[in-house]
Amino acid sequence: EPEVTQTPSHQVTQMGQEVILRCVPISNHLYFYWYRQILGQKVEFLVSFYNNEISEKSEIFDDQFSVERPDGSNFTLKIRSTKLEDSAMYFCASSGGIGYGYTFGSGTRLTVV
Amino acid sequence: KQEVTQIPAALSVPEGENLVLNCSFTDSAIYNLQWFRQDPGKGLTSLLLIQSSQREQTSGRLNASLDKSSGRSTLYIAASQPGDSATYLCAVRPGGIQGAQKLVFGQGTRLTINP
């Protein structure tokens, strides 16, 4: 069964550093997403990406965040200057369209120290 | 603004029992609803997807129902097994142009099946 692949599985970074989280969505999917889950809290939407541009973003997704699809297969989330409160599990997901379900990756656990 | 609530927050039952997990949402205008399973420290595994026009979906021992007008969904697990122990998440895709892109999640029900 097709999978969404995320790397790395765990990343530790110092406060103020930039991090890039990487994802390979399912190849024939059209919509790509990033979500995050702070420990013990709900899974929260960050951003959706369609047709090579951001289609929707939440208020969490401020200027320190950016997304990119640098080639035909990868989808990245960049956090420019990490804060302690950015520590969370970050999930990438993809979908074939509005009527289709989501497929999530296994997540990247980001720890900011 | 769509809100999703799951009750109970945690549930512990003996192996072999049938059980029901509940999900409610505040706005009945949805495209679909999806149930996921999350193991500790892991990703989300899709279990069932119900479109807004459907009443239920079944996969093996799992059955999910949807009552859009009352803003409720249930996940029924038959003949529970210790391997079913996990957190179960309900998520809705809100209707309308602005809400169509994202999922809104409940906080999950942590299920423990005791051997």
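Scope of this entry: the structure provided in the associated data block. Since this is a predicted model, take the numbers as computed values, not measurements. Per chain, residue numbering runs from 1 following the sequence as it is written. A letter from A marks each chain and a number from 1 marks each ligand, given out in the order of writing. For this predicted model, a pLDDT threshold of at least 70 governs which residues receive local features, and a threshold of 80 or more governs which side-chain atom pairs are given and counted, while totals over whole chains, interfaces and linings are taken from all residues. Side-chain numbers come from the whole structure's heavy atoms, not from hydrogens or water.

This brings us to the state of the cysteines. By convention in this document, the label disulfide applies to cysteine sulfur atom pairs within 2.5 Å. Across all of its chains, the model carries two disulfides over all chains by this definition. Shown here is the disulfide that connects A:C23 with A:C92, its sulfur atoms set 1.9 Å apart. Negative torsions about the S-S bond denote left-handed disulfides, and the value of about -65° found for A:C23 with A:C92 makes this one left-handed. Linking A:C23 in strand β3 (residues 19–24) with A:C92 in strand β9 (residues 88–95), this pair joins segments that are 69 residues apart in sequence. The two residues A:C23 and A:C92 agree in class, both being buried. Across the disulfide, B:C23 is cross-linked to B:C90 (sulfur-sulfur distance 2.0 Å). Taking the sign of the S-S torsion, about -55° here, the bridge from B:C23 to B:C90 comes out left-handed. In this pair, B:C23 sits in strand β3 (residues 19–25) while B:C90 sits in strand β9 (residues 86–94), placing the two residues 67 residues apart along the sequence. A run of DSSP states H or I qualifies as a helix once it reaches four residues; a run of E qualifies as a strand once it reaches two. Both are numbered from the N-terminal end. Only protein chains enter the calculation, and the probe is 1.4 Å; a residue is then buried if its accessible area is under 20% of its type maximum, exposed if over 50%, and partly exposed in between.

Residues belong to one nonpolar core when they are buried, are Ala, Val, Leu, Ile, Met, Phe, Trp, Tyr or Cys, and are joined through side-chain atoms within 4.5 Å. Ranked by internal contacts, the top residues of the largest apolar core, which has 24 residues, are B:L33, B:W35, B:L75 and B:Y88. Breaking this core down by element, the ones donating at least two residues are β3, β4 (30–38), β5 (44–51), β7 (62–67), β8 (72–77), β9 and β11 (109–114) of chain B. Beyond its immediate chain neighbours, meaning those up to four positions away, B:L75 contacts B:L19, B:V20, B:L21, B:W35, B:L47, B:L48, B:L62, B:N63, B:A64 and B:Y88. A:V4, A:W34, A:L46 and A:L77 belong to the second-largest nonpolar core, a separate cluster that totals 23 residues. Contacts are assigned to residue pairs with any non-hydrogen atoms lying within 4.5 Å of each other.

This part is about the sheet that holds β8(B). Through backbone hydrogen bonds, the strands of a sheet pair up, either in parallel or in antiparallel fashion. Residues and elements named next belong to chain B. For two strands to be treated as a pair, DSSP must find no fewer than two bridges joining them. The strand order across the open sheet formed by five strands is β1-β3-β8-β7-β6, and the pairing between neighbours is antiparallel. Two strands in the sheet have a free side with no partner beyond their single neighbour: β1 (4–7) and β6 (56–59). Taken over all neighbouring pairs, the strand axes of this sheet differ in orientation by 15° on average, direction set aside. Across six bridges, β3 lies against β8 in antiparallel orientation. Note that in β8 the partner of L19 across the bridge is I77. Note on method: axes are straight lines fitted to C-alpha atoms, helices fitted across the in-contact stretch only, with angles between N-to-C directions ranging 0 to 180 degrees.

Here we take up the interface of chain A and chain B. Contact with chain A, which involves 23 residues of that partner, is made by 24 residues of chain B. When two parts are put together, the accessible area they lose, computed with a 1.4 Å probe and summed over both, is reported as buried area. Summed over both sides, the interface of chain A with chain B buries roughly 1800 Å², with 51% coming from carbon and sulfur. Of all residues in chain A, A:K42, A:I98 and A:Y102 give up the largest surface area on contact with chain B, accounting jointly for 34% of the area buried on that side. Within this document, salt bridges are pairs made up of a side-chain nitrogen of Lys or Arg and a carboxyl oxygen of Asp or Glu, the two lying within 4 Å of each other. Counting the contacts that link chain A with chain B gives one salt bridge. Any pair of N or O atoms that falls within 3.5 Å is considered a polar contact. Within protein, one atom must be able to donate a hydrogen and the other to accept it, and sequence-neighbouring residues count only if both atoms are side-chain atoms. Between the two partners, chain A and chain B, sit four residue pairs in polar contact (both at pLDDT 80 or more). Of all the secondary-structure elements, those providing two or more residues to the side of chain A that touches chain B are β4 (31–37), β5 (43–50), β6 (53–57), β9 and β10 (102–104) of chain A. Looking at the side of chain A that touches chain B residue by residue, the classes come out as eleven nonpolar, nine polar and three charged. Side-chain classes follow a simple rule in which Ala, Val, Leu, Ile, Met, Phe, Trp, Tyr, Cys and Pro form the nonpolar group, Asp, Glu, Lys and Arg form the charged group, and the remainder, Gly included, forms the polar group.

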